[in-house]
Every structure is written in structure tokens, then in C-alpha cells.
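Listed below, chain by chain, are the residues.
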Amino acid sequence: MAEIVIKDFSTDQFITSNSALFDKNTDLLTYNVPAAEKNSSELDPESTYIISFDTTGKYGSPRNTYNFDGITNEQFDKLREELPGQEIPGLVSARVQRLLNLKIGDVIPLNVGVEGRMSIDLKVVGINKNDNMMENFYLDYNNLFDKFGDKEKLDPNENYFNAKYSTKPSIDGEFNINDLENLGKNFKNRLETSAVQTSNILGGTEAKE
């Protein structure tokens, strides 16, 4: 996964070689990387991403975070299946399914990374009906790294994440259309955590609750 390891994190790195504090009941750690469909121009290369997460729930619950619709437990478990060659199982957003006219079992050739120098074949095992706006592919983190990870650059004892999602409320208050002048005063900031970028070099992450 050299293309992913050397990705330019100057704009979107979230977690570096520090400890990541999270609550797996409300937060989810993921590794996201740009992707492009090889044989089609239907997807926007600026907004198409692979989102990988640990499907065992060790680093948060993907189901709680993304509120998957149309995905059975059997389909979700298939994300961990080992497939031959360059194939890897994945879920697709409803928007991707519509744009590419996909069905369960189809295989999509993808270029992965900022420069697209790595190729994978994603086998569709499910379609997330709730994701109508984004052009996302969802993969199992361990399956992705075990199959395509650069064994020379990646420490197998480390975890590599670059995004954190939370279902915790960020603001609290009431919206009164008749009192727009004081709109800002009616809401309270409830954010409890923040992230600070400390390096542009991808490193291992020790995730702690």
C-alpha cells in the first residue's frame, strides 16, 4: 500500500504518531484514501473515497456512525472475506450504485491514492441506501491493509488512521424562526474533543479509549 503510505497529508491528516483518544460507543476511527473508477468518468475524482474501518467494532461502530440502510449482517461480515487476486469485498454508496449502474456481485476496478498508482478490484457485497450524496466505497480496514499494505513501511503492531467521526451532539439549543437575531445565543457548543495536526508524516497510532 505504498501509494497510501506516501499520500500527501498536508491538508487532511487527522491523526499522526500520537495516541488517539476515543470512545468506541460514540466515535469511529477510519482510514480514508482517494479512489477513482478506471473505466468511467461518472464519479468525481475530487470527492470519491475509500473509507476503511475495523468491522469488529474495536475502534468504534461503523453501523452506529454511518447508519447503514439496506446492509444485512451477512453482507457486513463479508467485508472480512479474503478474495483471490486483487479483489476485495466492499460496500458502495447509493450514489455510486446509481451512477455506475451496479448490482451485488459486480467488480469495480479502482485506482487508489492521490496519484492513483495502486489498483484494486472492489467486489460489491452491499449497497448503502442511506448514502445518496457521497461517492464512497466502504472496506474492512484489516482486510485492506493485510492485502495491500506495504509490509516494508507499515509496522504490523501499529494502527494507521487519518479520520475520526463522532455521533456526539456538537451543539444544543432551540431554533426559533421568529428570533433569528439571537440565533447564536440560543445554541450552546457541546464539543468535548478536538484534534491538532502535529506532523505531515504518516505514523502509527496507539488508539486508546
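Every chain is numbered independently, its residues counted from 1 as its sequence is written. Local features are withheld for residues below a pLDDT of 70 in this predicted model, meaning they are given only at 70 or higher, and side-chain atom pairs are given and counted only at 80 or more; totals for whole chains, interfaces and linings count all residues. With hydrogens and water set aside, each side-chain value is computed from the structure's full complement of heavy atoms.

### Re the environment of Tyr49
Heads up, the rule is: Each helix corresponds to a stretch of at least 4 residues labelled H or I by DSSP, and each strand to a stretch of at least 2 residues labelled E; elements are numbered beginning at the N terminus. Relative accessibility under 20% of the residue-type maximum defines a buried residue, over 50% an exposed one, and the middle range a partly exposed one, all with a 1.4 Å probe and only protein chains included.
By the secondary structure assignment, Tyr49 is in strand S3 (residues 48–53). Classification of Tyr49 as partly exposed rests on a relative accessible area of 26%.

### Regarding the pattern of salt bridges
Quick note on the threshold: Salt bridge, as applied in this entry: a Lys or Arg side-chain nitrogen positioned within 4 Å of an Asp or Glu carboxyl oxygen.
Evaluated as defined, the whole model comprises four salt bridges. For Arg95, the salt bridge is made with Glu135, and the minimal N-O distance between the two is 3.1 Å. Placement of Arg95 in helix H4 (residues 94–100) and of Glu135 in strand S7 (residues 135–140) is noted, with a sequence separation of 40 residues between them. On the accessibility criterion, Arg95 (26% relative accessible area) is partly exposed. Residues Asp106 and Lys103 are paired through a salt bridge, measuring 3.1 Å at the closest nitrogen-oxygen approach. Asp106 sits in the buried class, given a relative accessible area of 18%.

### Some words on the layout of surface pockets
Where we set the bar: A pocket, in this scheme, is an open set of points on a 1 Å grid over the protein atoms alone with protein on both sides within 12 Å along at least 5 of 7 lines, while a cavity is a set where a 1.4 Å probe fits but cannot get out; residues line either one if an atom lies within 4 Å of a point. Grid points are joined across faces, edges and corners, and a volume is the space filled by probe spheres set on the points. Gly is placed with the polar residues, together with every amino acid not listed as nonpolar (Ala, Val, Leu, Ile, Met, Phe, Trp, Tyr, Cys and Pro) or charged (Asp, Glu, Lys and Arg).
Taken as a whole, the second largest pocket holds about 220 Å³ of empty space. Along the walls of the second largest pocket sit 13 residues, with Phe145, Asp146, Leu154, Asp155 and Pro156 positioned nearest its centre. Taken together, the residues that form the lining of the second largest pocket break down as five nonpolar, three polar and five charged.

### Topic: the packing of aromatic side chains
Selection rule: Working definition: rings of Phe, Tyr and Trp (its six-membered ring) pair if their centres are within 6.5 Å, and the pair is stacked with planes under 30 degrees apart, edge-to-face with planes over 60 apart, and tilted otherwise. Counting as a charge over the ring demands two things of the Lys NZ or Arg CZ atom: a distance within 6 Å of the ring centre and an angle within 35 degrees of the ring normal.
In this structure the tally under the stated criterion is 14 aromatic pairs. Ring centres 6.3 Å apart and planes at 50 degrees place the aromatic pair Phe53 and Phe68 in the tilted group. One end of the pair, Phe53, is in strand S3; the other, Phe68, is in the loop between helix H2 (62–66) and helix H3 (73–77), and 15 residues separate them in sequence. Here the two residues Phe53 and Phe68 agree in accessibility, since each one is buried. Consider the rings of Phe145 and Tyr160, whose centres lie 6.4 Å apart with planes at 10 degrees: the pair is stacked. Remark: Tyr160 occurs in the loop between helix H5 (141–148) and strand S8 (163–166) and Phe145 occurs in helix H5; sequence separation between them is 15 residues. Put simply, the rings of Tyr31, Tyr59, Tyr141, Phe145, Tyr160 and Phe161 touch in pairs and so form one group of aromatic residues. The ring of Phe76 carries Arg63 above its face, with NZ or CZ at 4.9 Å from the centroid.

### Brief notes about the confidence of the model for the protein chain
How we decide: Each residue gets a pLDDT score, which is the predictor's confidence in that residue and runs from 0 to 100. For this analysis, residues touch if any pair of their heavy atoms sits within 4.5 Å.
Looking at the protein chain, the pLDDT average stands at 77 and 69% of residues meet or exceed 70. Taken together, the stretch residues 1–18 has pLDDT below 50 and engages in 68 contacts with residues farther than four places along the chain or on a different chain.

### Observations regarding the nonpolar core
Proteins that are soluble and globular tend to have nonpolar side chains buried together. Our working rule: The nonpolar core is taken to be a set of buried Ala, Val, Leu, Ile, Met, Phe, Trp, Tyr and Cys residues, with the residues joined through side-chain atoms within 4.5 Å.
With 29 residues, the main nonpolar core has Ile50, Val92, Ile108, Leu110, Ile120, Leu122 and Phe137 as its most contacted residues. By residue number, the principal contributor to this core is strand S6 (residues 118–128), which donates five residues. When sequence neighbours within four positions are dropped, the list of residues in contact with Ile120 reads Ile50, Gln86, Ile88, Ile108, Pro109, Leu110, Val112, Leu139 and Phe148. In terms of nonpolar packing, the next biggest core, distinct from the first, is built from eleven residues, Phe53, Phe68, Phe76 and Tyr138 among them.

### Here we look at unusual backbone geometry
Its identity is not glycine, yet Asn67 carries a phi of approximately 50 degrees, on the positive side. Mapped onto the elements of the fold, Asn67 is located in the loop between H2 and H3. In this structure, Asn101 takes a positive phi of about 55 degrees despite not being glycine. If you trace the backbone, Asn101 turns up in the loop between H4 and strand S5 (107–112). Among the residues examined, Asn101 registers a relative accessible area of 65% and is labelled exposed.

### So, the pairing of S5
Spelled out, the test is: Whether two strands pair depends on DSSP finding at least two bridges between them.
In the sheet, strand S2 (residues 27–37) pairs with S5 via three bridges, with the strands oriented antiparallel. Its bridge partner lying in S5, Glu37 is registered against Leu110. As defined by bridge partners, S5 adjoins S6 across six bridges and the pair is classed as antiparallel. Directly across from Pro109, in S6, lies its bridge partner Asp121.

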